[in-house]
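# Secondary and tertiary structure notes
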Amino acid sequence: MTVIQVEQLSKSYFVPEREAGLGAALKSLVRRKNREVKAVDAISFEIGPGEVVGFLGPNGAGKTTTLKMLSGLLYPTGGAARVLGHTPEKRERGFLTQVTLVMGNRSQLQWDIPALDSYDLQRAIYGLDPAGYRRTRDELIELMQVGDLVRKPVRNLSLGERMKVEFIGALLHNPKVIFLDEPTLGLDVTMQRRLREFVAGYNARTGATVLLTSHYMADVEALCKRVIVIHHGTLLYDGDLAGLSARFASYKTISASFDQTPPALDGYGEVVATDGLRVTLRVPKAETSRATARLLTDLAVVDLTVEDPPIDDVIEKVFSSPVVK
Amino acid sequence: MKNLLDFYVGQMRIAAVTQLQYRAANYFYMIGMVAEPIVYLVVWSTIAEAQGGVVGGYTAGGFAAYYIVWTLVRNMNIVFTPYGWEWRIREGQLSGMLLRPIHPLHGDIAYFAGWKVAVIILWLPIAAVLALVFRPEINPTVQEVVVFFIAIWGAYLIRTMLLWLLGMITFWTTRVGALFELYFAAELLLSGRLVPMSVMPPWVQALSAWMPFRWAFQYPIEALVGDLPTEQLWLGLGMQALWIVLAGGAALIAWRWAVKQYSAVGG
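Since we're looking at a predicted model, the values are computed, not measured.

### Some remarks on the sheet that holds strand β12 (residues 278–284) of chain A
The strands making up a sheet are joined through hydrogen bonds of the backbone, oriented either antiparallel or parallel. All names here are of chain A. A sheet is described by the order of its strands in space; here four strands give the open sequence β11-β12-β10-β13, paired in antiparallel fashion. Each edge of the open sheet carries a strand with a single partner, namely β11 (270–275) and β13 (301–307). Across this sheet, the average inter-strand angle for adjacent strands is 20 degrees, counted without regard to direction. Along the sheet face, helix α10 (residues 288–298) touches β10 (251–258), β12 and β13 and points at about 170 degrees away from the line of β13.

### A short note on the environment of A:T297
All names here are of chain A. Looking at the secondary structure, you find T297 in helix α10. Since its relative accessible area comes to 66%, T297 is described here as exposed. At a separation of 2.6 Å, a polar atom in the side chain of T297 contacts the main-chain carbonyl oxygen of A293.

### With respect to the packing of aromatic side chains
Residue and element names in this part refer to chain B. Overall, the coordinates contain 28 aromatic pairs over all chains when judged by the stated rule. Centroid distance W70 to F217: 5.7 Å. Interplanar angle 70 degrees. Geometry classified as edge-to-face. Of this pair, W70 sits in helix α3 (residues 60–76) while F217 is found in the loop between α10 (213–216) and α11 (218–225), placing the two residues 147 residues apart along the sequence. No difference in accessibility class separates W70 from F217, as the two residues are buried. Relative to W255, the ring of F171 has its centre 6.0 Å away and its plane inclined at 85 degrees; by these criteria the two rings are edge-to-face. Here the residue F171 occupies a position in the loop between α7 (142–167) and α8 (177–190), and W255 occupies one in helix α12 (residues 230–258), the gap between them amounting to 84 residues. Both residues of the pair, F171 and W255, belong to the buried class. Members of the aromatic cluster, connected to one another through ring pairs, are Y40, W44, Y58, F63, Y66, Y67, W70 and F217. A cation over an aromatic ring shows up here: K116 above the ring of W115, its NZ or CZ 5.9 Å from the ring centre. Above the plane of the ring of W257 lies K260, whose end atom (NZ or CZ) is 5.8 Å from the centre.

### Structural notes on α10(A)
Residues and elements named next belong to chain A. Residues of α10 that are buried include every one of T288, A291, T292 and L295, and no others. Projected onto a plane normal to the axis of α10, the buried residues spread over an arc of 100 degrees and lie on a single side. Across α10 from its buried face, at more than 90 degrees, point the exposed residues S289, R290 and T297. Its buried side turned inward, α10 meets β10, β12 and β13.

### Let's talk about the interface of chain B and chain A
Accessible area lost when the parts come together is the quantity often used to give the size of an interface. Chain B puts 30 residues into the contact, and the matching count from chain A is 27 residues. Of all residues in chain B, B:I14, B:L99 and B:P101 bury the most surface against chain A, accounting for 28% of the area lost on that side. Run the count over chain B and chain A and you get one salt bridge. Listed by contribution, the elements that provide at least two residues to the side of chain B that touches chain A are α1 (2–21) and α5 (94–98) of chain B. Among the elements that take part in the side of chain B that touches chain A, α1(B) stands out by supplying nine residues, more than any other.

Each value, and the rule that gives it
- Residues numbered from 1 in each chain as written.
- Chains lettered and ligands numbered in written order.
- Predicted model: local features only at pLDDT ≥ 70, side-chain atom pairs only at ≥ 80, totals over all residues.
- Heavy atoms only, no water.
- Pairing = 2+ DSSP bridges.
- Helix = DSSP H or I, 4+ residues; strand = E, 2+ residues; numbered from the N terminus.
- Axes fitted to C-alpha atoms, helices over the stretch in contact; angles between N-to-C directions.
- Contact = heavy atoms within 4.5 Å.
- Buried < 20%, exposed > 50% of the residue type's maximum accessible area, 1.4 Å probe, protein only.
- Polar contact = N/O pair within 3.5 Å; in protein donor to acceptor, adjacent residues only side chain to side chain.
- Phe/Tyr/Trp six-rings, centres within 6.5 Å; stacked < 30°, edge-to-face > 60°.
- Lys NZ or Arg CZ within 6 Å of the ring centre and 35° of its normal.
- Arc of directions from axis to C-beta.
- Buried area = accessible area lost by both parts, 1.4 Å probe.
- Salt bridge = Lys/Arg side-chain N within 4 Å of Asp/Glu carboxyl O.

So this is what it looks like as structure tokens:
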């Protein structure tokens, strides 16, 4: 069973374009030039119930556009999407009452009044039964540890506090699908961690499906077993987070500890760090076994670990690679 | 239907609370707005007195009544403007509204209706001061008062629908200020805002009867101060209902096309 089904989904924009200067401006009055920009170019994937999937890509890759199409904000120009059996862009009540979209840079709560008042309005909008609504609201307030913050006008809250009350507002109707667009944007490390824990706990408790975009790899590593990587509107990778390194990393990291200062290790790989008697080497993936065997044979190694490179490095490599279409 | 009613009550309550929270700012805004009708009132009262006491059927006291009620109707005419659509689209503010399982038109009607409740409360002392200063001639019947209270809300709905419809253009092009200004100029001349329509040439009066503007502005004022015959009082409500349906229907059809153009660029 799939919750989100995306087939050849595309979104293009026509953007007016002209050279700088008065001459070009006058020329554009007569002959307007438009360029088609493919924000999302025929991507396909499926997401099952309860999955937490990281949707990764550099700025302008098409992540947010995809999320907006899946949440019904944008009409696709090609292909199709189904979310919980609904066509998102039709924005049927049955669809909207089962999904939510939290955007890190956007507040959907009313600025001048306490969040509690906005929550009451959400109850009316979603037609929630008053007792059930109060139970869910109080539960979320407790889980988020916001206490009396919900009684202050939203404009008086800090960014982190605002995001917490925003999350509560977005989840009051117990959505089955949660779209999170950079939910931890601009938050400090503690607040990021708290929101991550909240999302993980919520997913475990309710079985909601989560599709998350974030530039913070800590978010993705903490929450997502599966990632979908999109670049220039096309899908580059869909699979395990661990598999991303296997697919895109061209090297591995070997960390070796010695009981006395080792000789120069340049012949075994590129030395990237030395910390006392511990040396970290970077070796081409294909050379890893041979380099490890040589190190163990040639030197008195106390401890040795072979690891994939940090996920941030892998992602950076993926994002900087040219797109082949 | 119960949910919708629940939403209207909730949204109106929030809007009223928010506006009363900013009562000082609202008061200054309303007092500033009083300057316009006072200028019209002084000019037309002077002309009426110079022409033997009556112009277009209005005495100086009649003009005073007209322009004092004008201040309330003008406030009832304040709705979400087409310029606001530019902001909603450019800043992506519409996204939040689209995510809610309720039509954004309901959101706007309910929010501004709540605002009107605060406006009426704040308007009463202003009207009292104006009445003390300008001595209006006003003797409404119970029927006229009842029709007036329905008509000011009818006026509010007509203008909401019309400006919603106009705002839809913004989905195709965000620089439509000049077009909006053209609309507002026509509205100013044909609504009775500048002068009562009875002062205008007959052909302008005939034209205004077939346009929506008059029913959203002059008609509610006349219902209270104009001594309209009973059939004209009720005909006016009928015309308001007709324009609400026509403009509302057109706005909903236009919305279906317009929302497909939304690019949600800002959020």
